[in-house]
Amino acid sequence: MQTGGNVSILVQAEDYTNYYDTTPGNTGGAYKSDDVDIEVTSDNGGGHNVGFIVANEFLEYSLDLPAGIYAISARVASEVSSGEYAVSLNEQVVGTASVSATGGWQTFITQTLGSMQLSAATTFTLKFYAIAGDFNLNWLLIETVFDSDLSVPGASACNGSCAQNWPPLLVTDGLASGVSGLGTIIARSLRAVSSRWQPT
Ligand SMILES: [Ca+2]
Ligand SMILES: [Ca+2]
């Protein structure tokens, strides 16, 4: 399919356009002075992370995306293993993940949540929703997935041979890539949001 080119959008957690936070004020004391808890991060690239994230809190971002196939990943850290979150696009879930202890509140790891196919260019609301705390979020990354036959299950001529960027993103619509060290993401169509994680 037409992918709309190579898109890579790094969405900084602290640059939200809307939010819901359960505690008054900015517990982290940095960058902004609304109720979202923001602190300085020592992760690669510096800047800030949203921290002290607990259940039901969410962050939203407005994005313009061309038609294409995209993978979404999140940069998270935690000292505990209780965290869980969901990421949606226009209220449709792209993926959910649990956060196991990463080795420290500033020891960030990147989790790939899933991929989605967008048939038309438009403005989207990207939503990061905390199902359970506690953990920190540094950024979200949206990247083009290159796989021209994604819509043909089992016909995966592209896998293992036609990655156009690095690291290549692969989808499990056919044979595994056979290339060691490459991550595999599961292609999934957009599905309705579960009522389970709607804030009340
Ligand atoms: Ca707060
Ligand atoms: Ca950040």
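Small disclaimer: the values here were computed from a predicted structure and weren't measured.

**A look at the pairing of strand β5 (residues 58-65)**
The pairing of strand β2 (residues 18-20) with β5 spans three bridges and is antiparallel. Within β5, the position partnered with N18 by the bridge is E60. Looking at chain direction, β5 and strand β10 (residues 122-132) are connected through eight bridges and run antiparallel. Counterpart to F58 in the pairing with β10 is Y129.

**Considerations on unusual backbone geometry**
Excluding glycine, residues mostly have negative phi values, and the peptide bonds linking residues are mostly trans. Following G133, the chain continues into D134 via a peptide bond in cis, with omega recorded as 0°. Along the chain, D134 turns up in the loop between β10 and β11 (135-144). The phi dihedral of Y31 is positive, around 75°, even though this residue is not glycine. You can see Y31 is positioned in the loop between β2 and β3 (38-40). Among the residues examined, Y31 registers 17 C-beta atoms within 10 Å and is labelled partly exposed. For N56, which is not glycine, the phi torsion reads 80° and is therefore positive. Assignment of secondary structure puts N56 in the loop between β4 (48-53) and β5.

**Regarding the confidence of the model for the protein chain**
Low pLDDT means the predicted atomic positions in that stretch should not be read closely. A residue-level look at the protein chain finds 70% of positions with pLDDT of 70 or above and a mean pLDDT of 77. Confidence drops under pLDDT 50 across residues 154-200; counting only partners more than four residues distant or on other chains, this segment forms 81 contacts.

**Thoughts on the environment of T96**
Counting through the fold element by element, T96 comes out in strand β8 (residues 92-99). Here T96 falls in the partly exposed class, since 17 other C-beta atoms lie within 10 Å of it. Sequence separation of T96 and F128 is 32 residues, and the distance between their C-alpha atoms is 9.7 Å. The contact partners of T96, leaving out residues within four places of it in the chain, are E84, Y85 and A86.

**Some thoughts on the nonpolar core**
I72, V87, F128 and L140 are the most contacted members of the largest nonpolar core, which totals 36 residues. Secondary-structure elements contributing two or more residues to this core are β4, β5, β6 (68-78), β7 (83-89), β8, β9 (104-118), β10 and β11. A per-element tally of this core places β6 first, with seven residues.

**Description of the environment of M116**
Residue placement: M116 occurs in strand β9. Separated by 46 residues in the primary sequence, M116 and Y70 place their C-alpha atoms 5.4 Å from one another.

**Structural notes on the pairing of β4**
Counting buried positions along β4 gives six out of six residues, so the element sits mostly inside the fold. Both β4 and β11 contribute to a ladder of two bridges, which runs antiparallel. In the strand pairing of β11, I53 is matched with F135.

Calculation notes
- Residues numbered from 1 in each chain as written.
- Chains lettered and ligands numbered in written order.
- Predicted model: local features only at pLDDT ≥ 70, side-chain atom pairs only at ≥ 80, totals over all residues.
- Pairing = 2+ DSSP bridges.
- Helix = DSSP H or I, 4+ residues; strand = E, 2+ residues; numbered from the N terminus.
- Buried ≥ 20, exposed ≤ 12 C-beta atoms within 10 Å, placed from the backbone.
- pLDDT = per-residue confidence, 0-100.
- Contact = placed C-beta atoms within 7 Å.
- Core = buried A, V, L, I, M, F, W, Y, C linked by C-beta atoms within 7 Å.

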